[in-house]
Amino acid sequence: MVDLLLQLADNPNLEVPIERDGVKAFTLDIIAAGTDTSAVTVEWALSELLRKPKAIAKATEELDRVVGRDRLVTEADIPSLPYLEAIVKETMRIHPVAPLLAPRLSREDTSVDGYDIPAGTRVLVNVWAIGRDPALWGDASEEFVPERFVGSGVDVKGQDFELLPFGSGRRMCPGYTLGLKMVQLTLANLLHAFAWRLPDGVAAEELSMEEKFGLSMPRVVPLEAVIEPKLPAHVYDDGP
Ligand code: HEM
C-alpha cells in the first residue's frame, strides 16, 4: 500500500503535488493504527471466551441459528447477532487497546466534576480504569459478562463516557466503523468455523491474562488454543 501511494505521489500530472514523507507517515499511521488494534482485540475476546465455555456455547448457538452451518458469516449477519456484539463490547470494556487514549492538552481553564483544570494541562483519560470501575459496572466489574450489554443502550461510538474504546470528540478514532466491523466479523467467523479449546493440561483459571502496556495493550503471553473445523469442507473453500 505504501508503494502504491508513493507512486501516486510521484505522478507529475497531479494538480496539487503530494509530499512523499507525508504520504509515508500517513500510510504508516493508518496501517499501525488499523491492524494491531483489531488483532489485539480479537485475541483478547478469544482469551476471555476460552475461560467461559458457557459464553462460547451461547455465541455458537446464536451463530448456528442465524447463519446456519452451511456458510460463513457475512457483514449483513452482524445486526442479527446481538450476543456477538455484546461479546465485542465487553472485550473492549475490559481490554481497551489504547488504555489512556491519545494525550490531550486543555486549551482553556475549565472545571470538570468539581476539579479545576487550568489551560495547558496535559490530560490523560484512563479508559482502562473507567471500564473496570465498580461504581459504573457493579461488583462484577472485573468479570467478563457479555450479558451486561444485551439490550443495553451503551455503545462504543464515543457518546457513552463509561465505554470509550475508540475515544471521543475530535481526536476519536477515525477508523472506528471499520475497526468494529473487522473485529465483529473476524471473531464471528473464527467462532463459527472452528471449535475452540485450551491445549490439554491448561486449565481455564491458569490462562495468563497479563496485559502489556504500550501504544496498544496486547497479551504478555500470546494465546495458545486448539481449534478444529466444524463446518462442511466446501464452506472453507467457497468463502462467504
Ligand atoms: C478495534 C479497532 C480499533 C480500536 C479499538 C481503535 C482505537 C483507537 C483509539 C482509542 C484512538 C485514540 C482516540 C482518542 O484519543 O480519542 C484511535 C486513534 C486512531 N485510529 Fe483507531 N482504533 C481501531 C481501528 C482503527 C482503524 C481500522 C483505523 C484506520 C484504518 C484506525 C485509525 C486511527 C487513527 C489514524 C487514529 C489517530 C487519530 C488522531 O490522531 O486524531 N483505527 N484509535
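Our structure is the block above this text.
Remember, predicted model here, so these are calculated numbers, not experimental data.

It is worth spelling out the nonpolar core at this point. Counting residues in hydrophobic clusters, the biggest one holds 42 residues, and the most contacted among them are L49, L187 and L191. Not counting the four nearest positions on each side in its chain, L191 is found in contact with L46, L49, A59, L63, L84, W196 and K230.

Among protein atoms, the single one acting as a donor to the iron atom of the ligand is C173 (SG), 2.3 Å away. Its place among the elements puts C173 in the loop between α6 (134-137) and α7 (176-193).

Moving on, we come to α7. With 18 residues, α7 ought to run about 26 Å at 1.5 Å a step, and its terminal C-alpha atoms sit 25 Å apart, in line with that. Listed in full, the buried residues belonging to α7 are Y176, G179, L180, V183, Q184, L187, A188, N189, L191, H192 and A193.

Let's shift gears to the environment of A193. Along the polypeptide, A193 turns up in helix α7. For the pair formed by A193 and L180, sequence separation is 13 residues and the distance between their alpha carbons is 20 Å.

Another aspect to go through is the site of the ligand. Taken together, 24 residues lie around the ligand, and V97, A102, R104, R171 and C173 are the ones closest in. Within the backbone of A102, a nitrogen or oxygen atom sits 2.9 Å from an oxygen atom of the ligand. Between the ligand and the protein, one listed contact pairs an oxygen atom with a side-chain N or O atom of R171 at 2.6 Å. Sorting the residues of the shell around the ligand by element identifies α2 (20-50) and α7 as the ones contributing at least two each. When residues of the shell around the ligand are assigned to their parent elements, the largest contribution, 6 residues, is made by α2.

What follows covers the packing of α2 against α7. Helices that pack against each other are described as a pair by the angle of their axes relative to one another and the distance between those axes. Close contact between α2 and α7 brings their axes to 9 Å; oriented N to C, the two are set at 40°. One finds that α2 runs oblique with respect to α7. Handedness of the α2/α7 crossing: right-handed. Side by side, α2 and α7 meet where S38, T41, V42, A45, L46 and L49 of the first sit next to G179, M182, V183, T186, L187, L190 and L191 of the second.

The next point concerns the side chain of E62. One can find E62 in helix α3 (residues 53-66). Among buried Asp, Glu, Lys and Arg side chains, E62 stands out as unpaired, with R65 the closest opposite charge at 4.7 Å. Apart from the residues within four sequence positions on either side, E62 is in contact with L81, P82, Y83 and L84.

Evaluated as defined, the whole model comprises 14 salt bridges. Residue E143 pairs with K52 through a salt bridge whose shortest N-O separation is 3.6 Å. Taken together, the residues span a long stretch of sequence, with E143 in the loop between α6 and α7 and K52 in the loop between α2 and α3 at a distance of 91 residues. Classification of E143 by relative accessible area gives partly exposed; the value is 44%. We note a salt bridge from R93 to E90, for which the minimum N-O separation is 2.7 Å. Remark: E90 and R93 occur in helix α4 (residues 82-94); sequence separation between them is 3 residues, near one turn of the helix. Exposure class is identical for R93 and E90. Each is buried. Taken together, the shared-partner salt bridges connect K89, D155 and K157 into one network.

Analysis parameters
- Residues numbered from 1 in each chain as written.
- Predicted model: local features only at pLDDT ≥ 70, side-chain atom pairs only at ≥ 80, totals over all residues.
- Heavy atoms only, no water.
- Core = buried A, V, L, I, M, F, W, Y, C linked by side-chain atoms within 4.5 Å.
- Buried < 20%, exposed > 50% of the residue type's maximum accessible area, 1.4 Å probe, protein only.
- Contact = heavy atoms within 4.5 Å.
- Donors = N, O, S within 2.8 Å, 3.2 Å for Na, K, Ca; no water.
- Helix = DSSP H or I, 4+ residues; strand = E, 2+ residues; numbered from the N terminus.
- Expected span 1.5 Å × (residues − 1).
- Near = heavy atom within 4 Å.
- Polar contact = N/O pair within 3.5 Å; in protein donor to acceptor, adjacent residues only side chain to side chain.
- Axes fitted to C-alpha atoms, helices over the stretch in contact; angles between N-to-C directions.
- Parallel < 35°, antiparallel > 145°, perpendicular 65-115°, else oblique.
- Left-handed = near helix turned anticlockwise from the far one by under 90°.
- Lys, Arg positive; Asp, Glu negative; His and termini not counted.
- Salt bridge = Lys/Arg side-chain N within 4 Å of Asp/Glu carboxyl O.

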